[in-house]
Amino acid sequence: MGKTRSPRQELLPGTLDMLILKTLSRQVMHGYGIAEHIRQVSAEVLHVEEGSLYPALQRLQLQGLIASEWGQSANNRRARYYRLTVKGRRQLGETESSFARLIDAIGRVMKPAT
Amino acid sequence: MAFLGRAGGLVRHVRALFGRSRRDDELREEIAAHLELRRQRLIDEGMDPRDAAYEARRMFGNVTAIREETRDMWSFRWIDTLAQDTRYGVRLLRRAPVFTAAAIASLALGIGSAAAVFSLADALLMRSLPVRAPEELVLFRWFSGPLNVFESLHGTGDQTDAGMSSTSFSRVAYETVRRDLARDADVFGFADLYRSNLAVNGRPDTAYAQAVSGNYFDVLGLMPAAGRLLREGDDERGAPPAAVLGYEAWQRRFGGSHDVIGRPLVLNGISFTVAGVMPRGFNGTLQVGQPVDVVVPLASYAELARGDNPDDPNYWWVLMMGRLREGASENRVASAGDLILKQTVAAARPTLKAAALPRMQVEPGLRGQTETRAGLREPLEIMGAVVCVVLLVACANVANLLLARGRARARELAVRAAIGAPRRRIVRQLMTEGLLLGLIASAIGLLLAQWIASALVPALASADTFAVSFSLDGRIVLFTCLLAILCSVGFTLVPAIRSSDARITTGLQEHARGTVGSRRRFSAAGSLVVVQVALSMLLVTAAGLLAWSARNLERVDPGFDPRNLLTFSVDTSLNGYDHVNSRAFVDAALNRLRSLPGVTSASMSSHRLIANYSSIRIARPTGVTPPPLGSPEAQAFRQKHRAWHLTVDDQFFRTMKIPLLRGRSLASGDTASAPAVAVVNVALATQLFGSAESVGRRFAMGLTPDAPEMEVVGVVADAKYTSIRNAAPPTLYSPYQQGPLNRATFEVRTEGDPLSLTASAREALRGLDDTLPIFDIRTQEEQVLRSLERERLFAKLAMLLGSVTLLLSGIGLYGLLAYAVARRTPEIGVRMALGAEKGQVRWMILRQSFVLVAIGLALGIPGAALSSRFVESLLFGVSAGDPKVLVGSSLVMIAVALAAAYAPARRASRIDPLSALRAE
């Protein structure tokens with residue numbers, strides 16, 4: 001498929017999907033919850049334009065990595081809850097390990113062994 | 001289509017596509033909820049509630065854009081892109097209606113003719129018999145050396161110097177094969193009854209009849225369209241006579257009514273009861289395209305085909321096919337069949353040596369008999385080749401048009417590339433346009449195909465004896481679509497890559513500079529024109545050759561005068577006349593015809609002239625002893641003493657205006673009781689007696705010692721008999737009173753239009769016997785033209801398609817030159833400002849045209865000389881690669897080049913230097 005619009009430059013390109021999958025790997029969550037979770041866990045370092053979550057969620061859903069259903073939110077509003085599928089969990093594992101390798105490699109380059 | 005992902009992804013996409021508006025609503029709700037939660041949170045954190053809503057939106061981003069983006073994801077991106085490209089393409093095509101019409105018309109013609117030829121080839125060459133498991137069917141054929149292994153053959157035979165082959169067998173061979181091979185195969189027999197007299201409710205009409213064995217329909221596994229089909233019990237002597245109708249005949253003659261079942265019909269004077277109707281599309285197992293109106297049991301063959309004794313082992317008339325049983329070996333069937341055939345022939349002709357006995361062969365029978373099909377292959381191949389050339393030229397033209405437009409759109413494409421459209425996207429846009437053209441053209445082409453196909457049928461076979469059904473079935477539609485896609489890819493790929501290759505800067509500068517145009521792009525268009533010229537040359541040459549030979553054929557002097565001559569035929573044997581009754585009928589008919597007002601003279605002959613029919617006999621001078629039957633010399637003797645025989649009345653030469661050279665004509669006194677006499681033509685006189693006087697000499701007709709002798713009473717000039725193509729054969733005319741007679745063709749010479757006598761001539765014969773069908777009423781001139789139908793049609797076809805390709809090449813050339821002039825306007829302006837003459841400028845443009853045509857001719861002339869051998873079999877009086885025709889077609893090409901260059905050259909010479917330079 002064509003290019004996807006990348007989120008703000010604060011985020012490494014292509015990492016949003018990974019962050020969403022990771023967030024959903026702990027619990028079922030709605031869109032706002034995901035945004036809030038990323039913001040808080042990263043100690044507000046990672047700035048995700050909140051709106052860009054939704055196309056990403058759609059894309060992940062179409063890829064079969066996550067699934068969604070409607071439910072009641074804490075304040076009794078209707079909300080759509082997303083959860084990770086089996087395929088999504090597998091995909092997360094692969095992405096995590098390749099990301100770890102990438103970070104590790106960048107780390108070695110940036111801080112040469114003394 | 002890798003972007004579709006796996007099947008699961010596809011399903012999710014499709015579901016997403018259909019729930020589009022529901023999803024949009026849900027997304028809106030989800031976003032609203034998000035914004036509300038964020039607002040609450042901000043208020044909780046101490047923000048002013050009035051600012052909170054704004055801040056929530058700010059943090060969220062552009063709601064509309066995000067909804068758009070999400071929505072994009074639900075749909076197939078490529079469908080949207082395709083729809084967009086298509087819309088854009090349609091808009092562009094509509095903005096250039098002349099371009100579009102020219103492209104579509106030329107492509108539609110090319111694709112339509114290709115589809116037509118394909119559908120004909122499919123119907124005639126490829127389609128299997130519409131029966132159960134046709135691949136299990138086998139066909140029996142025999143081959144023999146040069147010696148005749150039979151006396152009389154009914155069916156299709158193929159005779160060469162090396163020997164003969166046919167699929168007709170004697171009854172004893174058929175019955176033995178059927179009985180003895182029953183363990184391995186279900187063998188069935190069938191025979192052609194040709195044109196018969198079918199009377200329903202007392203009204204006579206001609207119909208094509210066949211006889212089949214009782215197991216025929218059962219073994220083929222056919223179901224009736226109405227009533228029942230023939231079965232074993234119908235094919236026994238003494239069984240109540242039953243017949244089945246062909247589906248077409250049932251529809252045409254009986255309106256498809258079920259009342260016809262159980263009704264009587266009379267075939268050649270014998271009554272049958274209609275038992276049922278054959279299924280639609282089934283036309284028997286004889287030659288492809290052979291019509292069948294009525295089918296009767298094989299047991300009635302003897303009565304229907306009068307004259308020959310079907311039990312005679314030397315009369316071969318029944319064809320056989322079989323369905324192999326499971327596990328049966330084709331080889332075993334062939335060898336067992338071979339043995340049976342040899343035994344039956346040896347029993348019937350004890351003089352034949354073992355080596356001369358025929359050999360049996362088993363062939364695949366899934367398409368029925370093969371002879372007609374083999375004859376159709378060549379004309380269909382020629383048609384296919386011609387159509388390919390037209391299609392190529394049409395594609396080259398569309399490619400050229402697209403290329404020209406690509407240049408015109410260079411700026412637009414450059415802009416699109418500059419704002420970030422990927423090259424792939426631009427190529428795809430251009431391909432979509434090409435595909436759009438191709439698909440519209442093929443839709444029109446498909447509609448044309450049916451029409452073109454039926455127009456082509458007369459080139460393959462005489463239309464009135466040819467039943468071929470071609471319909472727009474799936475295979476033809478598929479073929480056309482594939483063709484359209486192939487063409488579209490072909491004609492868009494080069495222009496698309498060229499166009500998308502345009503450097504952004506040059507593309508944007510083009511308008512300003514006016515001299516861009518890379519030489520490469522120009523030469524691409526140039527080589528397309530060269531290809532067009534070369535290909536057109538092939539067709540123009542073929543058209544020239546065919547037209548030339550058609551003209552030659554039409555100018556051939558047949559040796560008689562075909563003008564003002566009405567001809568029609570009767571077959572008295574069909575109504576059970578014996579020879580005596582037939583003669584009486586002919587006498588009475590001639591008397592009636594001669595007394596009609598407007599008739600100058602009337603005559604009869606046993607066969608129609610120039611109708612591809614011949615009756616070949618042996619005529620040898622008395623005193624020459626023929627070699628013994630069955631010896632190798634007998635065959636050579638036969639070849640040397642062949643005489644084409646025609647039984648005529650005493651007015652024949654006068655009516656046909658065949659001049660009598662020596663002796664006397666036949667006379668009314670040459671009756672059955674008078675001495676046997678004959679008139680011969682010059683060719684036969686020379687063959688019989690050399691340069692010696694032949695009047696008064698005697699010859700024998702036949703090889704046996706007791707062959708009847710005749711005296712030559714007169715010599716007439718040579719006249720054509722079987723066809724216009726062949727030289728007048730050695731011909732023998734004998735009086736009809738002195739020989740057997742069971743059919744007659746009448747020739748009536750009229751004062752005015754012969755066709756105006758049709759009604760009264762028909763009435764005259766009907767007065768004698770109103771149950772005798774009269775067929776093939778036409779003028780002799782029409783008869784001659786009909787016999788040349790194939791040649792004439794091929795000539796017309798080639799001329800039509802040749803003109804189309806010429807026109808297309810002309811358009812291609814014109815487009816190229818017009819563009820060149822437009823591009824070079826400033827340059828020409830400079831030249832003229834510097835003192836170039838108008839003539840020089842004109843010549844500059846003309847020269848460009850001539851160079852292209854010269855290269856095209858350099859390629860096309862040798863190609864035409866070679867490829868014209870392809871049509872050699874259709875030529876008459878002119879040889880393939882005839883220099884006259886090659887020079888003629890080259891001149892035509894040059895004339896086209898001149899015509900195409902005229903307007904651009906004129907425009908170039910009228911360029912005003914001042915305004916051209918000012919524009920710069």
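Preceding block: the structure.
Rules and cut-offs
Residues numbered from 1 in each chain as written. Chains lettered and ligands numbered in written order. Predicted model: local features only at pLDDT ≥ 70, side-chain atom pairs only at ≥ 80, totals over all residues. Heavy atoms only, no water. Helix = DSSP H or I, 4+ residues; strand = E, 2+ residues; numbered from the N terminus. Buried < 20%, exposed > 50% of the residue type's maximum accessible area, 1.4 Å probe, protein only. Contact = heavy atoms within 4.5 Å. Buried area = accessible area lost by both parts, 1.4 Å probe. Salt bridge = Lys/Arg side-chain N within 4 Å of Asp/Glu carboxyl O. Polar contact = N/O pair within 3.5 Å; in protein donor to acceptor, adjacent residues only side chain to side chain. Nonpolar A, V, L, I, M, F, W, Y, C, P; charged D, E, K, R; others polar. Patch = residues over 30% accessible without salt bridge, like charges linked within 9 Å, V, L, I, M, F, W, Y side chains within 5 Å. Areas by Shrake-Rupley, 256 points an atom, 1.4 Å probe, with all protein chains shown as cover. Lys, Arg positive; Asp, Glu negative; His and termini not counted. Charge placed at Lys NZ, Arg CZ, Asp CG, Glu CD. Pairing = 2+ DSSP bridges. Axes fitted to C-alpha atoms, helices over the stretch in contact; angles between N-to-C directions. Core = buried A, V, L, I, M, F, W, Y, C linked by side-chain atoms within 4.5 Å. Phe/Tyr/Trp six-rings, centres within 6.5 Å; stacked < 30°, edge-to-face > 60°. Lys NZ or Arg CZ within 6 Å of the ring centre and 35° of its normal.

Thoughts on the environment of B:Leu857
All names here are of chain B. Along the chain, Leu-857 turns up in helix α25 (residues 838–867). Under the relative-accessibility criterion, Leu-857 is labelled buried at 9%. Considering only alpha carbons, one finds Leu-857 and Ala-534, 323 residues apart in sequence, at a separation of 5.8 Å.

Here's the deal with unusual backbone geometry
Residue and element names in this part refer to chain B. Of note in the backbone geometry, Tyr-194 takes a positive phi value of approximately 55° without being a glycine. Its place among the elements puts Tyr-194 in strand β6 (residues 185–200). Backbone geometry at Ile-610 places phi at a positive 55°, although glycine is not the residue there. Summarising the element assignment, Ile-610 is placed in the loop between β17 (599–605) and β18 (616–621). According to the relative accessible area criterion, Ile-610 is buried, its value standing at 0%.

A short note on the interface of chain B and chain A
With 27 residues of chain B at the interface, the matching set in chain A holds 30 residues. By the criterion of area lost to chain A, the three top residues of chain B are B:Glu30, B:Leu37 and B:Met73, representing 22% of everything that side buries. For the interface between chain B and chain A, the tally reads six salt bridges. The salt bridge partner of A:Glu50 is B:Arg38, with a shortest N-O separation of 2.4 Å. At the surface where chain B touches chain A, the tally comes to eleven residue pairs in polar contact (both at pLDDT 80 or more). When contributions to the side of chain B that touches chain A are tallied by element, the ones reaching two or more residues are α1 (7–18), α2 (20–44), α3 (49–60) and α4 (63–74) of chain B. Tallying contributions element by element places α2(B) first for the side of chain B that touches chain A, with eleven residues. For the side of chain B that touches chain A, the per-class residue count stands at eleven nonpolar, four polar and twelve charged.

With respect to a positive patch on the surface
All names here are of chain B. Positive charge collects at one region of the surface, where Lys-838, Arg-842, Arg-906 and Arg-910 lie side by side. Assignment of secondary structure puts Arg-842 in helix α25. Its relative accessible area of 36% is what places Arg-842 among the partly exposed residues.

Some thoughts on the sheet that holds strand β2 (residues 66–72) of chain A
Strand-to-strand pairing in sheets goes through backbone hydrogen bonds, with the strands running parallel or antiparallel. All names here are of chain A. If you walk across this open sheet you meet the three strands as β1-β3-β2, and the pairing is antiparallel. The open sheet has two edge strands, β1 (29–30) and β2, and neither has a second partner. As defined by bridge partners, β1 adjoins strand β3 (residues 78–84) across two bridges and the pair is classed as antiparallel. Counterpart to Met-29 in the pairing with β3 is Tyr-82. Sheet contacts for helix α3 (residues 53–62): β2 and β3; angle to β2, the most-contacted strand, approximately 120°.

Remarks on the pattern of salt bridges
Within the structure shown, the criterion is met by 47 salt bridges over all chains. One salt bridge in this structure joins B:Asp561 and B:Lys657, with 3.6 Å as the shortest N-O distance. With B:Asp561 in the loop between α17 (519–555) and β16 (565–570) and B:Lys657 in the loop between α20 (652–656) and β20 (660–663), this pair connects stretches of sequence that are 96 residues apart. Looking at B:Asp561, the relative accessible area reads 12%, which means it is buried. What makes B:Lys657 partly exposed here is its relative accessible area of 47%. Each of A:Glu36, A:Arg39, A:Glu50, B:Arg38, B:Arg41 and B:Glu45 takes part in salt bridges that share partners, so that together they form one network.

Thoughts on the nonpolar core
All names here are of chain B. In this structure, Leu-380 and Met-383 are the most contacted members of the largest nonpolar core, which totals 100 residues. Of the residues forming this core, the biggest block, 17 residues, is contributed by helix α12 (residues 371–408). Those residues in contact with Leu-380 that lie beyond four places of it in its chain are Val-117, Leu-120, Ala-121, Leu-124, Leu-125 and Leu-460.

Considering the packing of aromatic side chains
Enumeration according to the criterion identifies 17 aromatic pairs over all chains in this entry. Seen from their ring centres, B:Phe568 and B:Phe746 are 5.7 Å apart, and the 35° between their planes marks the pair as tilted. Of this pair, B:Phe568 sits in strand β16 while B:Phe746 sits in strand β25 (residues 744–750); the two residues are 178 residues apart in sequence, bridging distant segments of the chain. Residue classification places B:Phe746 among the buried positions, given a relative accessible area of 0%. An aromatic cluster is built from B:Phe188, B:Phe190, B:Tyr216, B:Phe217 and B:Phe282, whose rings are joined through pairwise contacts. The residue whose ring lies beneath A:Arg78 is A:Trp70, and the NZ or CZ to ring-centre distance is 4.2 Å. Positioned above the aromatic ring of B:Phe775, the side-chain terminus of B:Arg195 is 4.2 Å from the ring centre.

The analysis is restricted to geometry; functional conclusions fall outside its scope.
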